[in-house]
Amino acid sequence: MDAKKRIEELAAELLKHQYLYYVRARPEISDEEYDRMFDALLRLEKRFPQYAGANSPSRRIGSDLDNAFPEKAHTVPVLSLDKVYQAEELEQWLLKTAAAAGGGAGFTVEEKIDGASIVLYYDRGELQYALTRGNGLLGNDVSANVRTISQVPLRIAESSPLAVRGEIYIMRGDFERFNSQVAEKYANPRNLAAGSLRNLKSSLAARVPLNIFVYEGFFQNGSGRDHLEILQRLLELGFRVNPHLGYFSADEAKRLLALRLFPGISAEPLTGLKEYLLRRAATRAEIPYDIDGLVIKVVEMDFRRELGTTAHHPRWAMAYKFDSPQGRTVLLDVQVQVGRNGRVTPVALLKPVALSGSTVTRATLHNQDYIDMLELGIGDEVSISKRGDVIPAVDEVLEKSEQAPGIYKLPDRCPFCQMPLVKEGAHHFCKNDACPERRRRMLEYFCAKEQMDIETLGEKTIAFLFAKGWVQSIPDIYRFDYGLLAGEEGFKEKKITRIRAAVEASKSRPFAKVLAALGFEGVASAVATALIANGFDSVEKIVACAKKNDWEAFARMEGIGEVTARLLVEHFSSPVNLKLIARLREIGLQFQAAGGGPERMDDSFAGQVWVVSGTFANFSPRSLAVTEIEKRGGKVAESVSSRTNFLLSGSHPGSKLARAEKLRIPIVTEGEFLKLLAGK
Ligand code: IVH
């Protein structure tokens, strides 16, 4: 038989069995038989790729090639739902709407699935493409990812054009399992479902156990005079329609008809609706996926047309939402923040709203992927929440803005230095080390309470000193003459004295704090503490290890992985960083853990006070000489005084040598020092 025909046969057969297994949950063949057929198809398609159709069952596996999600226009109206939060309000809407229809209308009550909205477009019996809701007019083409969802029919027995709306969702249990296996946790099943639809690689999307329920069909063949018939037709075509359905009508004949189409549903008079809603709300936890409400819809299409729509919602449907959002407000603008390591964070600027005891005006938006996932644009009405004490987050778009239909896009360039932003993983980065914003943020971080805790140098003061050009780098904090602040607004003498004292006091912050305050990527407090606890209790030891490129020594520590270990090597062998460390050390910051100290070798220098000055061939950085003295019980002082016993002098010793000579303190050269160390 020719390959083309065999491929088509296998494809048709496999699609049928996928439907039986994934939609009907009633397989007719064994898994082994299915796998054999699937393998046969894959082999043939590999040999004859020209015959592998866009809707071959092999698309379920997805591809490793990067997806693109071009915008495409919806050809059916993609409206959202008006909503109420009280069962009484819904009952009133129902009675009003039923009365307008002369009392004879029927209503379905469906679950409002808390997932990601999708529109599937079919023509000539094939899935053509699948679009996200987007702004209602344009959506993103996420076809490749949608094709991996085995419950989505790729071919249907309907040749005229058909659009189907549905919701992609994930079971709570699957969500927990998936989330426990990934580093970047998703906040809820909805975010995982929406995020998976935008997975760059469809082979990865294929690994997320996504489900679909469809709830509206737009037929062009005249099929379906009412919603129940449409749902029935969708079922026949192989779509997954949610069987949890309620039907309400004053007309008993219609109720019986509904029961005949969907046996097992509850079909009641209108008076039963409120109780039904309350019961369903109370038992929502019993279903294994999240629903955020119920949707009540007019069944008769004629009547739907008569009622019409507003710009946003049909007048023939209403959502009954279970929980009123913690806060609802409007996205006024997006502020682009650039952190000290260059990471770009979009921050939502919100119309002020009261939320658990405070007024919220800002919320994090994480990154572009998160904005895309929410399909969020400026002007949209959003729901926000605060979990625990964390910064508020934007959870969901409640209503797209009428004015600005777009979805917000981060700028191409850093707003502070105009360098092009680079996307790495989910985040955008400014890669310019000289970016003024990054430098300012670095200073801010260094002085912050959690790091060096220089109380007087808060965000505002740092911004002022930075803008003036007075403090541009960390050493500047210690070198700047704060006396120059006299006369500047807000800097009275008392404040200047306080700043000086706070800066001075920060010199005694422990090594762990200093290490973290440097702000090297991946070296925050926990890693700094781990280093010290594992014997890397001085910067020399860390530098020595980094210089040997011995990342494995770092990686052996509990809590430090290969990525961090390699970063440590990079940071502590970078000439720029080593220079910074040397400067700060000269200034008097702690680069050695207190208490631990270097291991004691002997007492040959006991009771001696040394001062070390200049540069050395064998002790670079100079602190290596300091360590040798301390290992032998000696002390090392910063400056030469009458209490100094020896000056260890290298080349370019500077003023310390002159002072030592003046005080007649013995000068020890590097060569002599080496002999002393050797015990000669
Ligand atoms: S009907 C015009 N039915 O809720 C019809 N929507 O704003 C509008 N949703 O974007 C939608 N379950 O993603 C409908 N059974 C259901 C639904 C449902 C979930 C979502 C849908 C829509 C949003 C309402």
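Residues numbered from 1 in each chain as written. Predicted model: local features only at pLDDT ≥ 70, side-chain atom pairs only at ≥ 80, totals over all residues. Heavy atoms only, no water.

Helices and strands together make up the secondary structure of the protein, namely 25 helices and 23 strands. The C-alpha atoms of the protein give a radius of gyration of 34 Å, which is well past the 26 Å a tight globule of 680 residues would have. Along the longest, intermediate and shortest principal axes, the C-alpha atoms of the protein span 115 × 70 × 40 Å. Across the 680 residues that make up the protein, the buried fraction comes to 51%. Within the protein, residue pairs in contact and separated by at least 24 positions form 66% of the contacts whose partners lie at least 6 positions apart. Summing over all exposed atoms, the protein offers an accessible surface of approximately 33,200 Å²; the carbon and sulfur share of this is 51%. Counting 91 positive and 88 negative side-chain charges, the protein places the averaged centre of each group 5 Å from the other. (Helix = DSSP H or I, 4+ residues; strand = E, 2+ residues; numbered from the N terminus. Rg over C-alpha atoms; globule rule 2.2 N^0.38 Å. Buried < 20%, exposed > 50% of the residue type's maximum accessible area, 1.4 Å probe, protein only. Contact = heavy atoms within 4.5 Å. Areas by Shrake-Rupley, 256 points an atom, 1.4 Å probe, with all protein chains shown as cover. Lys, Arg positive; Asp, Glu negative; His and termini not counted. Charge placed at Lys NZ, Arg CZ, Asp CG, Glu CD.)

Attention now goes to the sheet that holds strand β7 (residues 162-170). Strands sit in the order β5-β4-β7-β8 across an open sheet of 4 strands; the sheet is antiparallel. Lying at the two open borders of the sheet, with one neighbouring strand each, are β5 (126-132) and β8 (210-219). For this sheet, the mean angle separating the axes of adjacent strands, direction not counted, is 30 degrees. Sheet analysis places strand β4 (residues 116-123) next to β5, joined by 6 bridges and oriented antiparallel. Considered in β5, the bridge of Ile118 is made with Thr132. Helix α6 (residues 189-197) contacts β4, β7 and β8 of the sheet and is inclined by roughly 125 degrees relative to β7. Here helix α8 (residues 227-236) sits on the sheet and contacts β7 and β8; the angle it forms with β8, its principal contact strand, is near 125 degrees. (Pairing = 2+ DSSP bridges. Axes fitted to C-alpha atoms, helices over the stretch in contact; angles between N-to-C directions.)

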